[in-house]
Each structure stands twice: as C-alpha cells, then as structure tokens.
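Tertiary structure, described
Okay, here's what each chain looks like letter by letter:
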Amino acid sequence: MLRGSQSQALLLARSFYYIARSLATVKKAASTEGKAKSTKLSGLEVPTEESLNPNYLARTLGSNYRTWAAALEKHPELKTVKRKDLLNSFDTLKSLKYSVDDIVTKPMIIYYGASTLFNRHSVLIECGFQNVTIPTLFKYVTVINKPIDMLKGHSYIPYDVNVSQRLTACLTDVQLPNNGQLIESVDESISLKMLRQTILNAYLRERLQMDDADLQKLWRVYSRVRHKSFRSVQDIIELLTTVFKFPLERLRKNSFLLHADADNVRRILQEIPTINGQDIRDIGYRRPKILMSTCDGLKQTLQHVRSFGIGEDAVLRCLEVLTLGPDTVLERLRDLNEIEEFQVLGSNPRVLRLVHYQNKARLRLDYLNQLKVRCASLHILSCGSEIFAKFARDGSDRTKGRDIVVYLGNILLKDEHVLRNLLSRHPNWCHVPVLHVKQCLEYLLSKRFKLNEIFNNIHLLLYPIKRIEEKLLQLQAAEAMEELQLPVADVHALSNNEILTLILYLIESEFHFTGDGIWTEQHTHHVENFNNLLPDFPESLNKVYKYGVRPSEKLSMHHL
C-alpha cells in the first residue's frame, strides 16, 4: 500500500517544497524592504553607499563631468560598481601606466576587478604583445581567441616574436619534456588560447603530475585557470607547496587553487596570521577555498562576526563562512535577528552554520512549519539532505536537546552537563522547541522572577505560557491558599521560589504527574502529515560552484 502511494507522496512533498520556497521569497522581500527603512542595523551601523555619479567620477578619477555623464548614460551598469572596487581598478590601471584619458575611451574597463585587469595585462605581455592599449585590454577575450598569425598581421605581436618560446620561458621551475620540439612545431594558425593551454597542460603534467583525467576536470570545471598568467600559476604552486605544505595530490584534488592570487595569499599570511590562536596555514590547508577569498574580504568578515558578539571560536567551527563574501555574511547575520527561530540560536557556538547554510535553513524551516513540526534544531536546519530527509520521514517532532542546553547555559551561567541532567528528569523535555523555552524564560523574567529562582524550577520553562498564566492567576485568588491547605493567608506570603514550585505542581497534577502538561491542544497528537513523505530538497541550492561548474560525467571531455 505504501509503495502504491509513493508517487502521490512525492508529488505532495514537492508541493510543500515550492510552498516553502515561495514563503521564503516573500519573507526575504519583506526583510529587504524593512532594512531599507532604517540604516541602523543590529550589530553595527552600515552607511548606504550612493551609486556612481559624474561628479564623483570627475572629482576622484579626473576628466570632466560631461565625459562621465555620457559614459554613465551609455553604460548604466557602471553605476552598480562599488566605490572601493572602482578605486582598486583605477589604481591598478594607473600602475599599468594608463591615464584617465585612456580609460574614458573605454569607460567600461573599470567595470572589471583589479585582479582581473592586472592578470589579463600580464597574459598579453607574456604572449609578446607590445603597447597593450585600453581597447585591447578591454577586448581581451576576443583577442586571446584569435589565431597567432592574425594577431601578428594586425601588429598586436611583432612578426619576429616566437610566442611559444616566450611562454615556455615563463615556466622556470621545471624542464618541460620535448621543449625544443614544442617550440619549433607550433602552427601559428592556432589561437593564442589553445597554444597557452597546450603549454600549460605540459607544465601541469610535469609539475603536479597531472594525468589526462585531472586535466579534463581542470578545463571542464575550472576553465578560468586558462586565463591566468603562467608566472602567477607558477608562483601560487610554489607558495602552496612550500609555505602551506600542500602535497601534489592535494593540489590536484583542489585544482581551483591554481586560480588563486599569490600576492593576496601572502597578505593573508601577514595580516591574518591566526584565527582564535590557530595558524592560518593550518586553516588554509583544511579549507583551501578560504585562500580564494580576498584578504580585505576575510578581515571584513571577521569584523562583522565580532561586531555581532560572535567569537572567533565559532568561526573555527564553521570555516566555510570565510568562503562567503563579507556583504553576504553581514546580511545573513542581520537576518539572524529577524527570524525568531534563528535569533534564539545566536549564542550557540555553531551559529555560523546558520549563516553559511541560511538559504537552505530558511527553506527547511518554512517546510517544517507547513508540517507543524516545531522542534527544528540547528543541526537539522543545516545538516545534509539525507539526514534531513530521514528526520522528515520519521515524523518525530523532537530534538536531542542540545540547543536548549546551550541556550540556558549562556543565560543562566550554568554548566551544560548540570542542565542536561536536570532537564532529563522530565520525560518530554526534548519535544519542546528552544524558541518556546526562550519565550517562557522571558515571560517569567517579566513577572519579576529571578534567574536563580527560575533555575530552581527549570522544568517550568517547558510548559505553555498560557498554563503558567492560568495557575499564577489561580494562586492570586482569595480562596486559593485555603483550597491548597497551605498555612499562609495569601500568595504574597510565599517566596518566588515557592510560587514557581506551586505553579509546576498545579499544572502537572491535572496530568497525573506524567509530564504531559507540556502539550498544548494543537500538539497533543503525534505528527502524521509526513511519515511517508520524502522532502524534495536539493543537496545544494546552488547549481554552479563558486569556482566553476559542477562536474558531470555526462559532459564530453574537451580542450586537452
């Protein structure tokens, strides 16, 4: 019977997924709108940056208002460039001996990043180009795909330059096999890109011991490496193997590192030598993608994390957060304070997993809310798809209590083992969401109960606030003390500790002291909505890697 309904179950699961995704989109839009109304953000204040305008460009870069106004009108996408990125690109172009008059001939050149401009210029110089103009640099992709003889015919490269010889001369740390034959047998009717790739293949076979399969993956997945200058590839390999102690096998498995900027990695070593006492070389070895992030971006990300009261020890528990851009990290840290289920986890040492996996966590949270599942732990929100699917299939609305223990440990300043031992005396404590515990604690604090008094009656935090309110009102009734046969005139004669104990007693007495008093009317039944449903969640929300496309055996192997 279950097999017969499998198709219907999957269809239903997919419908929940799309509902959840639409809800997440709506919430995201509402959140963005709310942020626009206020510049005061949780954690720190970030000024809103104006888009580029002719006055700023003329004042900062030079030339005149009319020139830049015409450029912005013709290329409105320039207005989206951040001022810091603009200045970095401009400084790079100045270092390459270009004037502002050169730049305004192709104003879109400043749309490219500083490292891209420097690298493209280096590639053209390595290939024998003379007098690399701004238009040539701007049309780099077109130029590099042209045949060598055509480039010589248009005087980009002098006729007497042996391009193959110039390129192989850049690679000095190994002796390429059949070097002379490679130089002499080059047919200049092939494109410059293909020649560079052929030589780079020979270099990587010799330097990193790459085989055909490694090279096929490199060009299929990390094709941007073909646009790196040979000297920069050689430089980053030397740095990774000598300073970071990468064995050749690890470099082959993480071949995207060939696109890393050696100068940027040296800055990381110098300016961020440790994170929470751990050597950045060890961190880079454990999570190589961190070395692809800019040094300035890493420093900014760490500053954002600290400004939200999160220690660097949390960073070591989720190093993947350092692979995100600083603006993305800031936005997601702010979002932690806007979603109650995330906010309560703010003091959790693994909270940065919610930052790294926030898109996935949002979808899962909305999906579980559709199924009336309240106990969504940090682990379930950020774990792998198979574990989440098993949690959903099992239909058990409970956690292992880790989030509750960590939260109360930070608020009550108590040892986590002590708290777990106390809470474990209640048979149903793992069925209570940490958000409810937080709300109940805040309610009791609002009623002037102190933290030590709450700790002495810690199980009360598991119960619905409505029931606590009812019993508190009941104790204030004139006849309450008489009905309970207590030797006091009214509730005011009792200590706060005694009041909380009485409230807990009164709630559980209605349930024969079984612990079932924690259930509200809408949660008295076991969750049945999804016992046989497999949530249709992808392994990753991104279909494209940050450093290339996802490997696929179905794709044909090219460009060897």
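Residues numbered from 1 in each chain as written. Predicted model: local features only at pLDDT ≥ 70, side-chain atom pairs only at ≥ 80, totals over all residues. Heavy atoms only, no water.

Another point: the overall build of the protein. The helix and strand tally for the protein stands at 32 helices and 4 strands. The 560 residues of the protein split such that 47% are buried. Excluding contacts between residues fewer than 6 apart, the proportion of contacts in the protein whose partners are at least 24 apart in sequence is 72%. Only carbon and sulfur atoms are counted for the fraction: they give 50% of the accessible area of the protein, which is about 28,900 Å². (Helix = DSSP H or I, 4+ residues; strand = E, 2+ residues; numbered from the N terminus. Buried < 20%, exposed > 50% of the residue type's maximum accessible area, 1.4 Å probe, protein only. Contact = heavy atoms within 4.5 Å. Areas by Shrake-Rupley, 256 points an atom, 1.4 Å probe, with all protein chains shown as cover.)

Attention now moves to helix H20 (residues 326–336). Of all 11 residues in H20, 8 are buried, a share of seventy percent or more. Here H20 has its buried residues at Pro326, Val329, Leu330, Arg332, Leu333, Arg334, Asp335 and Leu336.

Time to look at the packing of aromatic side chains. In the structure shown here, the tally under the stated rule is 7 aromatic pairs. Centre to centre, the rings of Phe129 and Tyr156 are 6.0 Å apart; their planes meet at 45°, and the pair counts as tilted. Here Tyr156 lies in the loop between helix H9 (148–153) and helix H10 (163–169) and Phe129 lies in the loop between helix H6 (114–126) and helix H7 (134–138), a separation of 27 residues in the sequence. Here the aromatic rings of Phe244 and Phe246 are separated by 6.4 Å at their centres, their planes lie at 65°, and the arrangement is edge-to-face. (Phe/Tyr/Trp six-rings, centres within 6.5 Å; stacked < 30°, edge-to-face > 60°.)

The subject of this paragraph is helix H3 (residues 65–74). Of the positions making up H3, those classed as buried are Trp68, Ala71 and Leu72. Looking straight down H3, one finds that the buried residues subtend no more than 95° of arc, so they occupy a single side. Away from the buried face of H3 by more than 90 degrees, exposed residues Arg66, Glu73 and Lys74 are located. Among the structural elements, helix H2 (54–61) and helix H5 (100–103) are those in contact with the buried residues of H3. Its side-chain oxygen at 3.2 Å from the backbone nitrogen of Arg66, Asn64 defines the N-terminal cap of H3. (Arc of directions from axis to C-beta. Polar contact = N/O pair within 3.5 Å; in protein donor to acceptor, adjacent residues only side chain to side chain.)

Here the focus is the environment of Val321. Note on placement: Val321 falls in the loop between helix H19 (312–317) and H20. Take Val321: its relative accessible area is 0%, and that puts it in the buried class. Setting aside its immediate chain neighbours within four residues, Val321 contacts Thr301, Val329, Leu352, Val355 and His356.

Right, let's get into the side chain of Arg120. As for its placement among the helices and strands, Arg120 is situated in helix H6. In this structure Arg120 is buried but unpaired, with Glu126 as the nearest side chain of opposite charge at 13 Å. For Arg120, the residues in contact, after removing those within four places along its chain, are Tyr112, Leu137, Tyr140 and Val141. (Lys, Arg positive; Asp, Glu negative; His and termini not counted. Salt bridge = Lys/Arg side-chain N within 4 Å of Asp/Glu carboxyl O.)

Moving on, we come to the pattern of salt bridges. Side chains that carry opposite charge are capable of pairing whenever their charged atoms lie near each other. Using the criterion set out here, one finds 19 salt bridges in the structure. One continuous salt-bridge network, built from bridges that share partners, spans Arg267, Glu271, Asp296 and Lys299.

Here helix H26 (residues 402–412) crosses helix H27 (residues 416–423) at 120°, and the two axes come no closer than 9 Å. In terms of orientation, H26 lies oblique with respect to H27. Considering the relative orientation of H26 and H27, their crossing is right-handed. In this structure, H26 contributes Arg402, Ile404, Val405, Val406, Leu408, Gly409 and Leu412 to the contact, and H27 contributes Glu416, Leu419, Arg420 and Leu423. Of the residues belonging to the contact of H26 with H27, the class tally is 7 nonpolar, 1 polar and 3 charged. (Axes fitted to C-alpha atoms, helices over the stretch in contact; angles between N-to-C directions. Parallel < 35°, antiparallel > 145°, perpendicular 65-115°, else oblique. Left-handed = near helix turned anticlockwise from the far one by under 90°. Nonpolar A, V, L, I, M, F, W, Y, C, P; charged D, E, K, R; others polar.)

We now examine the environment of Leu368. Note that Leu368 resides in helix H23 (residues 358–370). Residue classification places Leu368 among the buried positions, given a relative accessible area of 0%.

Even without glycine at this site, Lys97 takes up a positive phi of about 70°. For Lys97, the position within the fold is in the loop between helix H4 (83–95) and H5. A positive phi is found at Ser155, a non-glycine position, where the angle reads about 65°. Along the chain, the position of Ser155 falls in the loop between H9 and H10. Given a relative accessible area of 61%, Ser155 falls into the exposed group.

The subject of this paragraph is the confidence of the model for the protein. Residues at a pLDDT of 70 or more form 82% of the protein, whose mean pLDDT is 82. Between residues 1–44, whose pLDDT stays under 50, and residues either more than four places distant or in other chains, the model counts 55 contacts. Counting contacts from residues 522–560, a segment whose pLDDT is below 50, to residues more than four positions away or on other chains yields 87 contacts. (pLDDT = per-residue confidence, 0-100.)

Before going further, it helps to spend a moment on the packing of helix H14 (residues 230–242) against helix H16 (residues 262–271). Between H14 and H16, whose axes approach to 9 Å, the crossing angle comes to 30°. Between H14 and H16, the crossing angle belongs to the class labelled roughly parallel. Along its contact with H14, which presents Asp235, Ile236 and Leu239, the element H16 presents Ala262, Val265, Arg266 and Leu269. In terms of residue class, the contact of H14 with H16 is made up of 5 nonpolar, no polar and 2 charged.

What follows deals with a nonpolar patch on the surface. A cluster of nonpolar side chains, Ile411, Leu445 and Leu451, forms an exposed patch at the surface whose accessible area comes to about 210 Å². Along the chain, Leu445 falls in helix H28 (residues 434–446). Leu445 gets classed as partly exposed once you look at its relative accessible area, which sits at 37%. (Patch = residues over 30% accessible without salt bridge, like charges linked within 9 Å, V, L, I, M, F, W, Y side chains within 5 Å.)

With that out of the way, let us pick up the nonpolar core. Counting residues in each nonpolar core, the largest one holds 86 residues, and the members touching the most others are Leu352 and Leu408. Here this core takes 7 residues from helix H32 (residues 496–509), the largest share from any one element. In contact with Leu352, not counting residues within four places along its chain, are Val305, Ile310, Ala314, Val315, Cys318, Val321 and Leu333. Residues Leu78, Ile144, Leu171 and Leu251 belong to the second largest nonpolar core, which totals 72 residues. (Core = buried A, V, L, I, M, F, W, Y, C linked by side-chain atoms within 4.5 Å.)

Structurally, Ile103 can be placed in helix H5. Measuring from C-alpha to C-alpha, the distance between Ile103 and Ser63 comes to 9.8 Å, with 40 residues separating the pair along the chain. With sequence-adjacent residues up to four places away left out, Ile103 is seen in contact with Trp68, Phe90, Leu93, Ile109, Ile110 and Ile134.

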